[in-house]
Amino acid sequence: VKPMTPRCTVPKAVPVGKSASLHCHENEGFPKSTYSWYRNSEPLSPDTKSNAKSHNSSYTLNPATGTLVFHAVHKGDTGRYSCIATNDAGFAKCEEQEMEV
C-alpha cells in the first residue's frame, strides 16, 4: 500500500545552540515507510559523517521513525524542510515548512 502524505512537524523558530526535533509520520503505508528529510530540496544524509556538506551540522536522522533531531542548531540550519515517506509501493511528500534559527 502506497504511503499517505506524511504529517510533518517542524518548529517555526529555534534559538541558536538549542536542540530542535522535526517529526514525520504516516500510518497507511505497507510495508512500513522509511523517511528521508530534505532542506531546501537538498537531501539530508542519514549519516552526517560521510557528507562533507553537513560537516558542521550536528543532527541525527532516523529513517525508520522519521525523526530528525538537531543537537545544537546554527544559522546554517535555517531553511525549508520537507519529508518523504517511501515504501515498495511508492512515496508521498509533506508540504515544505520553514524553520528559522
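Read on for a plain summary of the structure. Predicted model only: the values in this text are computed from it and were never measured. (Residues numbered from 1 in each chain as written. Predicted model: local features only at pLDDT ≥ 70, side-chain atom pairs only at ≥ 80, totals over all residues. Heavy atoms only, no water.)

Burial of the side chains of strand β5 (residues 59-62) is restricted to one face: Y59 and L61 are buried, whereas none of T60 and N62 on the reverse face is. In the sheet, β5 pairs with strand β6 (residues 67-70) via four bridges, with the strands oriented antiparallel. In the strand pairing of β6, N62 is matched with T67. Counting the residues between successive antiparallel strands, the hairpin from β5 to β6 contains four residues, one of them, G66, with a positive phi of roughly 80°. (Buried < 20%, exposed > 50% of the residue type's maximum accessible area, 1.4 Å probe, protein only. Helix = DSSP H or I, 4+ residues; strand = E, 2+ residues; numbered from the N terminus. Pairing = 2+ DSSP bridges.)

Moving on to the state of the cysteines. All told, the structure shown has two disulfides when counted by the stated rule. Each disulfide pairs two cysteine sulfurs, and for C8 the partner residue is C94, the sulfurs being separated by 2.0 Å. Between C8 and C94 the disulfide shows an S-S torsion of about -100°. By sign, it is left-handed. Taken together, the positions of C8 in strand β1 (residues 7-9) and C94 in the loop between β8 (90-93) and β9 (97-99) put the pair 86 residues apart, joining distant regions of the chain. Grouping residues by exposure puts C8 and C94 together as buried. With a sulfur-sulfur separation of 1.9 Å, C24 is cross-linked through a disulfide to C83. Here the disulfide of C24 and C83 is left-handed, its torsion about the S-S bond being about -80°. Separated by 59 residues along the polypeptide, C24 in strand β2 (residues 20-25) and C83 in strand β7 (residues 79-87) bring together distant segments of the chain. Per residue, the accessibility class of C24 equals that of C83, and both read buried. Of note for the protein: the bonded cysteines, numbered N- to C-terminal, pair according to 1-4, 2-3. (Disulfide = S-S within 2.5 Å.)

Applying the stated criterion across every chain yields a total of two salt bridges. Among the salt bridges present, the one from D77 reaches R39, with a minimum N-O distance of 3.6 Å. On the criterion of sequence distance, the pair formed by D77 in the loop between β6 and β7 and R39 in strand β3 (residues 34-39) is long-range, its members being 38 residues apart. By the burial criterion, D77 is buried, and R39 matches it. R80 is the salt-bridge partner of E96, the closest N and O atoms lying 2.8 Å from each other. Remark: R80 occurs in strand β7 and E96 occurs in the loop between β8 and β9; sequence separation between them is 16 residues. We classify R80 as partly exposed; its relative accessible area is 35%. (Salt bridge = Lys/Arg side-chain N within 4 Å of Asp/Glu carboxyl O.)

Further remarks concern unusual backbone geometry. For the bond from F30 to P31, the omega torsion is -5°, close enough to zero to count as cis. By secondary structure assignment, the location of P31 is in the loop between β2 and β3. The phi angle at N40 is positive, at roughly 50°, despite the residue not being glycine. By the secondary structure assignment, N40 is in the loop between β3 and β4 (42-43). Classification of N40 as partly exposed rests on a relative accessible area of 35%. Look at S41: it is not a glycine, yet its phi comes out positive at around 70°. Turning to its location among the elements, S41 is positioned in the loop between β3 and β4.

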